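So the chains spell out like this:
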Amino acid sequence: MAFVKASPDAQLRLLELAELDTELSRLDHRRRTLPEIAELERLSARAAQVRDAMTAAETQLSDLDREQARAERDVEQVRVRIDRDQDRLDGGKVASARDLESLQSEVVSLKRRQSDLEEVVLELMERREAAQTARDTAAAEQASVTQESTAVTARRDAALSEIGEQAAKAGSARASVAAGVPGELLALYDKVRDTHAGVGAAMLRRGRCEGCHVSMSTVDLNAVRAAAADEVVRCEECRRILVRTAESGL
Ligand SMILES: [Zn+2]
C-alpha cells in the first residue's frame, strides 16, 4: 500500500496543497467558462449577419439608383418626343390628314408609354425607400452590436484580470506550501494529481475518503490503522493519497 514515507506533518501539508489545487482548477474552469465568452461569440455571429444585411442593402440601393436613373432618362426621352410631335401638331404644318392622324396616334401611344415609365419610376422609388430603411436598420443594429461587444469585452477582461490575480495568489501560496513538502512525496502527489482532476490528496474523515467520498471497508481501514504514521497510504478506490488526521475515525 505504501512505498513513500513522510512525516505526518509533511502529509498534512498535502491537504493545503490539495485545497490550493482545487482553487486553481476552479479558477481555470471559471476562466474557460465565463458567460462573456459565449456572449461575445453570439455577438460576433450577429455582427457577421448584420454586415451581410448591410452589404445586401447597399448593393440593392446602388442597383436601384442605376435602374431609376435609366427609367428617368427614358421618361425624359419620351417627353421630348411628345413635345416635338405636339409642336408639329400645334404649328399646323402637317398638311395631309393621314400624317396628322398618324402623328396624333403617336402622341397618344407616347403618352401611354410615358405614364407606364412614370409608374416604373415610382415603383423604383418605393423599392429604394424600402432598401434605404433596411440599410438604416442594419446600420443601427451594427452600432448597437459594436457597443454591446465593447461592453461585454470590458466585462470579460475585468473578470479575467480578477481571476488572474486570484490565480497568481493561489499559485504563489501553492509554491510556498510545496516548498515545505519533501521531494519524493511531492512527486507522488503531482503524479496522482495529474490523473485525478487536479487533486492528488484527500483527507480520511470518519472512515471515508474525502476525494471520492467512498467509505473504506473494515479490512482497508484496519490496514490504515496498522500502518505507521510516516507511511503514505492511498485510497483503494481513487488511489489518491489519504491523509490521516484526528477526524479520520481510526
Ligand atoms: Zn478515494
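Definitions and cut-offs
Along each chain, numbering runs from 1 in the same order as the chain's sequence is written. Only residues with pLDDT of at least 70 are given local features in this predicted model, and only at 80 or more are side-chain atom pairs given and counted; all residues enter the totals for whole chains, interfaces and linings. Water and hydrogen atoms play no part in the side-chain values, which are based on all heavy atoms of the structure. A helix here means a DSSP run of H or I that spans at least four residues, while a strand means a run of E at least two residues long, and both kinds are numbered starting from the N terminus. Note on classification: 1.4 Å probe, protein chains only; a residue is buried when its accessible area is under 20% of the maximum for its type, exposed when over 50%, partly exposed between these limits. In this description, accessible areas are obtained by the Shrake-Rupley approach with a 1.4 Å probe, and a residue is regarded as covered only by the protein chains that are shown. Only four residue types enter the charge count: Lys and Arg as positive, Asp and Glu as negative, with His and the chain ends excluded. In plain terms, the charge of a residue is placed at NZ if it is Lys, CZ if Arg, CG if Asp and CD if Glu. A strand pair is defined by DSSP finding two or more bridges across the two strands. Between the N-to-C directions of two axes lies an angle of 0 to 180 degrees, each axis being a line fitted to C-alpha atoms and, for a helix, fitted only over the stretch in contact. With the far helix as reference, a near helix turned anticlockwise by less than a right angle produces a left-handed crossing, and one turned clockwise produces a right-handed crossing. Contacts: residue pairs with any heavy atoms within 4.5 Å of one another. Three residue categories are used. Nonpolar comprises Ala, Val, Leu, Ile, Met, Phe, Trp, Tyr, Cys and Pro, charged comprises Asp, Glu, Lys and Arg, and polar comprises the others, including Gly. Buried Ala, Val, Leu, Ile, Met, Phe, Trp, Tyr and Cys residues form a nonpolar core when they are joined through side-chain atoms within 4.5 Å. Coordinating donors are taken as N, O and S atoms within 2.8 Å of the metal, stretched to 3.2 Å for Na, K and Ca; because water is absent from the atoms, sites can appear incomplete.

Draft legend 1. Focus on the overall build of the protein chain. Assigned secondary structure in the protein chain consists of five helices and four strands. Going from N to C terminus, the protein chain has its helices and strands arranged as α-α-α-α-β-β-α-β-β. Dimensions of the protein chain, computed from C-alpha atoms along their principal axes, come out at roughly 135 × 35 × 25 Å. Here the protein chain, with 250 residues, has 31% of them falling under the buried criterion. Accessible surface, the protein chain: about 15200 Å² in total, of which carbon and sulfur atoms supply 51%. Averaging the positions of the 38 positive and the 46 negative side-chain charges in the protein chain gives two centres separated by 4 Å.

Draft legend 2. Region of the structure containing the environment of Thr-133. Summarising the element assignment, Thr-133 is placed in helix H3 (residues 97–179). Looking at Thr-133, the relative accessible area reads 47%, which means it is partly exposed. Each C-alpha atom of the pair Thr-133 and Ala-57 lies 8.9 Å from the other, and the pair is 76 residues apart in sequence.

Draft legend 3. Representation of the pairing of strand E4 (residues 241–244) in the model. Of the two faces of E4, the one carrying Ile-241 and Val-243 and the one carrying Leu-242 and Arg-244 are both buried. Summarising the sheet, strand E1 (residues 201–205) and E4 pair through four bridges and their orientation is parallel. By the bridge assignment, Ala-201 is partnered in E4 with Ile-241. Sheet topology places strand E3 (residues 233–234) next to E4; two bridges connect them, and they run antiparallel.

Draft legend 4. Quick look at the packing of helix H1 (residues 8–32) against helix H4 (residues 183–195). Axis separation between H1 and H4 bottoms out at 11 Å; the angle between their running directions is 35°. Considering only the axes of H1 and H4, their crossing is right-handed. Judged by residue contacts, Ala-10, Gln-11, Leu-14, Leu-17, Ala-18 and Asp-21 of H1 engage Leu-185, Leu-186, Tyr-189 and Arg-193 from H4. For the contact of H1 with H4, a count of residues per class yields seven nonpolar, one polar and two charged.

Draft legend 5. Structural view of the nonpolar core. Core analysis: the largest hydrophobic core is formed by 23 residues, its most contacted members being Leu-14, Leu-17, Leu-185, Tyr-189, Val-232 and Ile-241. Of all the secondary structure elements, the ones that give two or more residues to this core are H1, H3, H4, E1 and E4. Here the element with the most residues in this core is H1; it accounts for six residues.

Draft legend 6. Region of the structure containing the coordination of the zinc ion. Protein coordination of the zinc ion is provided by Cys-209 (SG), Cys-212 (SG), Cys-235 (SG) and Cys-238 (SG), with donor distances spanning 2.3 to 2.4 Å. All donor residues of the zinc ion come from one chain, and their arrangement in sequence is C-x2-C-x22-C-x2-C. Of this pair, Cys-209 sits in strand E2 (residues 208–209) while Cys-235 sits in the loop between E3 and E4, placing them 26 residues apart in sequence. Judged by its relative accessible area of 0%, Cys-209 is buried. Judged by relative accessible area, which is 2%, Cys-235 ranks as buried.

Draft legend 7. Spatial organisation of the sheet that holds E4. One open sheet accounts for four strands, arranged E2-E1-E4-E3; its pairing is mixed. Two strands lie at the open edges of the sheet, namely E2 and E3, each paired on one side alone. Two strands pair when backbone bridges link them, and E1 and E2 are joined in this way by two bridges, in the antiparallel orientation. Following the sheet pairing, Leu-204 is matched in E2 by Cys-209. Across the face of the sheet, H4 comes into contact with E1, E3 and E4 while running at roughly 125° to E4.

Draft legend 8. How the structure looks around the pairing of E1. Among the five residues that make up E1, four are buried, leaving the element largely enclosed by the rest of the structure. Hairpin connection from E1 to E2: two residues lie between these consecutive antiparallel strands, with Arg-206 at a positive phi of about 45°.

Draft legend 9. Layout of the environment of Ala-18. Mapped onto the fold, Ala-18 is located in helix H1. Residue classification places Ala-18 among the buried residues on the basis of a relative accessible area of 5%. Residues Ala-18 and Arg-193 lie 175 residues apart in sequence; the distance between their C-alpha atoms is 8.7 Å. Sequence-distant contacts of Ala-18, that is, excluding residues within four places in its chain, are made with Tyr-189, Val-199 and Ala-201.

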